[in-house]
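Take a look at the letters that make up each chain.
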Number of protein chains: 4
Amino acid sequence: MSLNTFGHLFRVTTWGESHGPALGATVDGCPPGVPIDEAALQRWLDLRKPGQNKYTTQRREPDAVKILSGVFEGQTTGTPVQLMIENTDQRSKDYSEIAAKFRPGHADITYFQKYGIRDYRGGGRSSARETAARVAAGGLARAALAELAPGLHITGYMVQMGPQGIDRSRFDWDEIARNPFWCPDAEAAEGWADYLDGLRKSGDSVGAVIEVTARGVPAGLGAPIYGKLDTDLAAAMMSINAVKAVEIGEGMAAATLTGSENADEITMGPDGPVYSSNHAGGILGGISTGQDVVVRFAVKPTSSILTPRRTLTVSGEETEIVTKGRHDPCVGIRAVPVGEAMMACVILDHLLLHRGQVGANRGHIG
Amino acid sequence: MSLNTFGHLFRVTTWGESHGPALGATVDGCPPGVPIDEAALQRWLDLRKPGQNKYTTQRREPDAVKILSGVFEGQTTGTPVQLMIENTDQRSKDYSEIAAKFRPGHADITYFQKYGIRDYRGGGRSSARETAARVAAGGLARAALAELAPGLHITGYMVQMGPQGIDRSRFDWDEIARNPFWCPDAEAAEGWADYLDGLRKSGDSVGAVIEVTARGVPAGLGAPIYGKLDTDLAAAMMSINAVKAVEIGEGMAAATLTGSENADEITMGPDGPVYSSNHAGGILGGISTGQDVVVRFAVKPTSSILTPRRTLTVSGEETEIVTKGRHDPCVGIRAVPVGEAMMACVILDHLLLHRGQVGANRGHIG
Amino acid sequence: MSLNTFGHLFRVTTWGESHGPALGATVDGCPPGVPIDEAALQRWLDLRKPGQNKYTTQRREPDAVKILSGVFEGQTTGTPVQLMIENTDQRSKDYSEIAAKFRPGHADITYFQKYGIRDYRGGGRSSARETAARVAAGGLARAALAELAPGLHITGYMVQMGPQGIDRSRFDWDEIARNPFWCPDAEAAEGWADYLDGLRKSGDSVGAVIEVTARGVPAGLGAPIYGKLDTDLAAAMMSINAVKAVEIGEGMAAATLTGSENADEITMGPDGPVYSSNHAGGILGGISTGQDVVVRFAVKPTSSILTPRRTLTVSGEETEIVTKGRHDPCVGIRAVPVGEAMMACVILDHLLLHRGQVGANRGHIG
Amino acid sequence: MSLNTFGHLFRVTTWGESHGPALGATVDGCPPGVPIDEAALQRWLDLRKPGQNKYTTQRREPDAVKILSGVFEGQTTGTPVQLMIENTDQRSKDYSEIAAKFRPGHADITYFQKYGIRDYRGGGRSSARETAARVAAGGLARAALAELAPGLHITGYMVQMGPQGIDRSRFDWDEIARNPFWCPDAEAAEGWADYLDGLRKSGDSVGAVIEVTARGVPAGLGAPIYGKLDTDLAAAMMSINAVKAVEIGEGMAAATLTGSENADEITMGPDGPVYSSNHAGGILGGISTGQDVVVRFAVKPTSSILTPRRTLTVSGEETEIVTKGRHDPCVGIRAVPVGEAMMACVILDHLLLHRGQVGANRGHIG
């Protein structure tokens, strides 16, 4: 069984394989009256697009998104929005190497074990290309958020590449767009560039940690107990290819703190409660506090590398594999816009859930 | 809006507050013909029960589970199973301190902001007591798994308390049940005992990391893309009170590895593929590989501590709070059986999804 | 597999068997701040309660509903509301006749074929007793509607018993509560009384048609395409035991009309559009028009009758069966409050869906 | 809010407007390994295609379906199947008449009231053109059923046009494909032809009743209580444009029968239980009996007629409307393949639900 839909009210179903005619996202539940056109969505896809610099795969696709339904005279109608991206760079490649072998650390083997189908063309649904559809849907979510919550901003950035993390004291929001790694620390970015050059030459790859922050999230979003804001964010981020961990606020480090260190104290500000710190990552009991919502996720290194690895053929014989082709030494780079897109979808979904609530925001403090 | 149901086919809806008449779990989708009775469920609840040693809250409740429906002549009928636990220790406590104040780091404030209702009696749905219902439902899931996948074993244990982690070289499965911390490392457990004694006396609390391992999980479980096995496990664990991070396999550390270090090589064993290591935590592309499924989650320290903290009253005035009462210095201890229960529910759910699949396990290797 | 949950945002899960310890409804998604107590719910249950007159089963149960969660200080908190009804009249009856035989026209045989379990005690989940839980949940829905849509009224009544329909020219809303059949036509009610007396004496049963009207439903409710208001009403009514058909507005008779006869013309009234007629039953394109929402459903005669019928034993041998016991000659009578309850749940659910919509009711006419 | 997805495990999301670039169906949950290609789907679309004879709209579209994903080397892979139909006949028509006026009996007014958007181009999502996507998805469901339940056959036919019903004694399965009305009674078909000629000339329209029969459905399908087979069929059929009533088996007539007349007696046949009649329509307690599953639904006459009708303009002024254009005098004709498609989707969905059930079909009789 497959479950390709995400969200409660803003429901995104992604579809399509990397080497079929097209892929896309069917978005149901988008509010009516949201101004949108293809150019506005394309802006986000272009950020994710591979082949933009030497650190990402050289597969070059225009990744042009088409709106097939749900928009009339420049605004959404409240009916399903179909976003399609045609695959144009399906070069008749030599698949003989991977067609008959399972790449270690890749979903090749489990998809075969589950479905009994060997769609060797680039990984099918397990390809990172599926995330293009998420970015398109995320663009629509952002357009809706711009209408519903104008002060809300979502920004993703990389905080660690391999063993090298950023220095938080050098954190600069404006730096993020200036380097190819979405890194808020210019100095760290330089170190990463050198490191990645070396990796690329050796045909190896490396993991990364991405952080996504949503500023301006109103208090009260989240649907306890099993639709908590952090629960849905954890699911959203973990569903991205190659993600192996998700943290909210203090994350794993929360385990090392005492209660007196961890709890964010509350005082009264001009516009409501003010917190002394944000260990909580903007979420208490699964509900937003009004502080920044902060999520991090770890992306493992891609398993498509030039180093020979032991593996099996489809018929179960032991062999070795070397994965040639156009792959990313650090797929985490391209995961940044994807993380932003998932954050946008989750926040919009919970904003819609919250709006429907009778007595929403009745609990005014001060 | 609240969303109190978890699962696709094995659907658990927990209900009830810590200080109402009762709480429980409505379980829909349990297969028929599973042998079950109250004693079998009680066994798991007794493990979670507070007041068992000096390291957990002294609130003493029998936590006796009753089966109200869905079972006839000792086996499930395929209809909803209602599991109820009556609250018996609702002592008429002095709530005056917390009734008018929000505990920092607690869901008090966000529940009020969301619902406009101040149910000050022990936290309502945000109380850890909700997890008793999960443990009961998890007991039912285990009973079903015992029928469907006899060789499958789920074990939870604590691998870190505050700053002190276990030494993996001393890992001993048999040790887990021997100490009050579910710790697989006897030496670490001794250190934790001392550390926790100190914390308890000072009225403070501390976080922890729990790991849950499922052995004997068949290959092929998981429903890509948004119902991946790891996606659902991330949601399951993040939905537990006080959890701030979830890791699969290598987890956050995957970010630090290279592709050649991280990918688990595959060779052929007598019963199918054998992996050289388990960085993946038993899941590739969201689908189980047949290796151990390994999940970790971080539990933050409870915010109910004796140290005075700045906070607000319900009417928005600044004040200080000291939370007296029967609280746990390390709530992570009691999260161990809860993590096991969530693992059992997720695995059973995916086993049921997989069984319905046409051509399930067609992809036989070797 | 069983699916015991109904609704999108106002989600009702009914549970329990007629002869177990209890049955009830787990209601998730009820808005916070709705005034409710057990007495307010009991009022609706008492209307449905059997044994009130000679035309319904003489099984006498107090059917006392208890609120176990989700209500604090007289109002809902936004968390799940657990409504429990204990079974008290489980007399140790002689089941030998039906324990080994399948009642023709009854779910006995299909439940056994599906689940492999023979819960002969009164039909288990297929018993009409399950509808008590619906009525309780419907009472909660009505309480929420009283807050959200004060002018909205839901009324059910019987329009046909066996071959005898009402005369619409004698329709009197006030008459409905005056006779044991919820009949709006006093004269028809008299005829039915005589007819039913005869049936009861002969040990036979008969079908009926119930109509439920919701007045004061705002325009705009309904979620096209597969959550249309009429789609959800059809599912709601068809899910009631013994229902074999559902009609909206003109219903089956719409097939016999021409387009010029069927379309309701529109003129402008002081408060918005006014329709010349209501063939549509208050729903166009799955969305409410603001007219009365009118639903009818046919209830088949109960199969538990004294007339001997050919059937099989559980082991497949041919036999005859006579169903003694406390059964209703016209179960349709007790279906009236159930139909009202389902209407209340569906309307509330769609009101909540609609409230969350951005730009809801933007399309103001005139 | 809109809800454009139907089904539990076999989930169909239809999307697209009649006058946008394309429409289609995103099908998630289709089993892997089902042989399918575009030609196999096209066969069903061609049956539904308008413009085939003088009794249906003269809008001529090739309605060519494309498979964009989920199929590899001629069989489904278990991933989402995207079925797209491009709109080719979007002639630049004069919409001035309907752009500013609401058609009585049409969803024009309610869509505007709900969404605040006036998509006047042919009705948008409320257009019958949406049903092309259902037929495509139904084709895929049939292909899966051909693999899973080879002896299962689904046939739709018209049993009433306006006031004229068929004579059941002349029922001939082979006749259905021979006349333009899918009528199993050749004599009735002739009468309908004359009647419809007259209606078409006068610019009026008429309703119809469609019956769909599924033969060879195994016993045990259906998921009580709110996912009963008849509940889901009622929702499926009621969600089709213009449908105002749904009947199972005896339908509304069940109300007129006594218990001794209505219950189908059971005897033992060589392959299991045999029923003396089929008043139940193949469903007891929401679960299939193994008999023919029989559903009927009433289609109202289209409101797009030449007769002048009173209505409002978008700005609320009273006016008259005459709907010119390419419309069907009896839209019920084109609803036949749509009803078949919905039956196929529902049966497949329940077959998949049932397969996953532990102990499915354990209840063997005889």
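Scroll up a little and you will see the structure.
How each quantity is defined
Residue indices begin from 1 for each chain and proceed along its sequence in written order. To read the labels, note that chains go from A and ligands from 1, taken in the order they are written. At least 70 in pLDDT is required for a residue's local features to be given in this predicted model, at least 80 for side-chain atom pairs to be given and counted, and no such filter applies to totals for whole chains, interfaces and linings, which use all residues. Calculation of side-chain values draws on the structure's entire complement of heavy atoms; hydrogens and water are dropped beforehand. Numbering of helices and strands starts at the N terminus; helices are DSSP runs of H or I of at least 4 residues and strands are runs of E of at least 2. Should any heavy atoms of two residues lie within 4.5 Å, those residues are considered in contact. A quick way to say it: buried area is the sum, across both parts, of accessible area lost when two parts are put together, with a 1.4 Å probe. For this document, the term salt bridge refers to a Lys or Arg side-chain nitrogen within 4 Å of an Asp or Glu carboxyl oxygen. Note on residue classes: Ala, Val, Leu, Ile, Met, Phe, Trp, Tyr, Cys and Pro are nonpolar, Asp, Glu, Lys and Arg are charged, and everything else, Gly too, is polar. Two strands qualify as a pair provided DSSP detects at least 2 bridges between them. For helices, the fitted line uses only the C-alpha atoms of the stretch in contact; every axis is such a line through C-alpha atoms, and the angle between N-to-C directions lies from 0 to 180 degrees. Type-normalised accessible area, obtained with a 1.4 Å probe on protein chains alone, sets the label of each residue: buried when under 20%, exposed when over 50%, and partly exposed for intermediate values. Left-handed describes a crossing in which the near helix is turned anticlockwise from the far one by less than a right angle; the clockwise case is right-handed.

## Focus on unusual backbone geometry
Okay, step 1: With an omega of 10 degrees, the peptide bond running from P224 of chain A to I225 of chain A counts as cis.
Okay, step 2: Within the element layout of this structure, I225 of chain A appears in the loop between β10 (208–215) and α6 (229–238).
Okay, step 3: Here D63 of chain C, not a glycine, exhibits a phi torsion of approximately 50 degrees, which is positive.

## A look at the interface of chain B and chain A
Okay, step 1: Counting residues at the interface gives 118 residues for chain B, matched by 118 residues for chain A.
Okay, step 2: Counting the surface chain B buries against chain A, the share from its top three residues, K114, Y226 and K244 of chain B, is 9%.
Okay, step 3: Across the chain B-chain A interface, the total number found is 2 salt bridges.
Okay, step 4: At 7 residues, the largest contribution of residues to the side of chain B that touches chain A is made by helix α3 (residues 108–115) of chain B.
Okay, step 5: When its residues are assigned to classes, the side of chain B that touches chain A shows 56 nonpolar, 46 polar and 16 charged.
Okay, step 6: Pairing geometry for strand β11 (residues 243–248) of chain A and strand β11 (residues 243–248) of chain B, over 3 bridges, is antiparallel. Residue pairing across strands places A245 of chain A opposite E247 of chain B, the latter belonging to β11 of chain B.

## Focus on the sheet that holds strand β3 (residues 22–28) of chain D
Sheets are built from strands paired through backbone hydrogen bonds, the pairs being either parallel or antiparallel.
Residue and element names in this part refer to chain D.
Okay, step 1: Read across the open sheet, the 5 strands follow the order β1-β2-β3-β7-β4; overall the sheet is antiparallel. Of all the strands in the sheet, the pair left with one neighbour each is β1 (5–6) and β4 (65–69).
Okay, step 2: Pairing analysis gives 2 bridges linking β1 to strand β2 (residues 11–16), with the strands arranged antiparallel. Bridge pairing links F6 to V12 in β2.
Okay, step 3: Against the sheet, helix α1 (residues 38–48) touches β4 and β7 (81–86), its axis set at about 140 degrees to β4.

## Here we look at the environment of A107 of chain B
All names here are of chain B.
Okay, step 1: Position of A107 relative to the elements: it lies in the loop between α2 (96–99) and α3.
Okay, step 2: A relative accessible area of 6% places A107 in the buried class.
Okay, step 3: Taking the C-alpha atoms as reference points, A107 and G33, 74 residues apart in sequence, are found 40 Å from one another.

## Section: the packing of helix α6 (residues 229–238) of chain D against helix α8 (residues 332–355) of chain D
Residues and elements named next belong to chain D.
Okay, step 1: Remark: α6 packs on α8, axes separated minimally by 10 Å, with the N-to-C direction vectors making an angle of 145 degrees. The two elements α6 and α8 meet at a crossing, and its hand is right-handed. Contact residues: L229, D232, L233, A236 and M237 in α6; G339, M342, M343, V346 and H350 in α8.
Okay, step 2: Its residues assigned to classes, the contact of α6 with α8 comprises 7 nonpolar, 2 polar and 1 charged.

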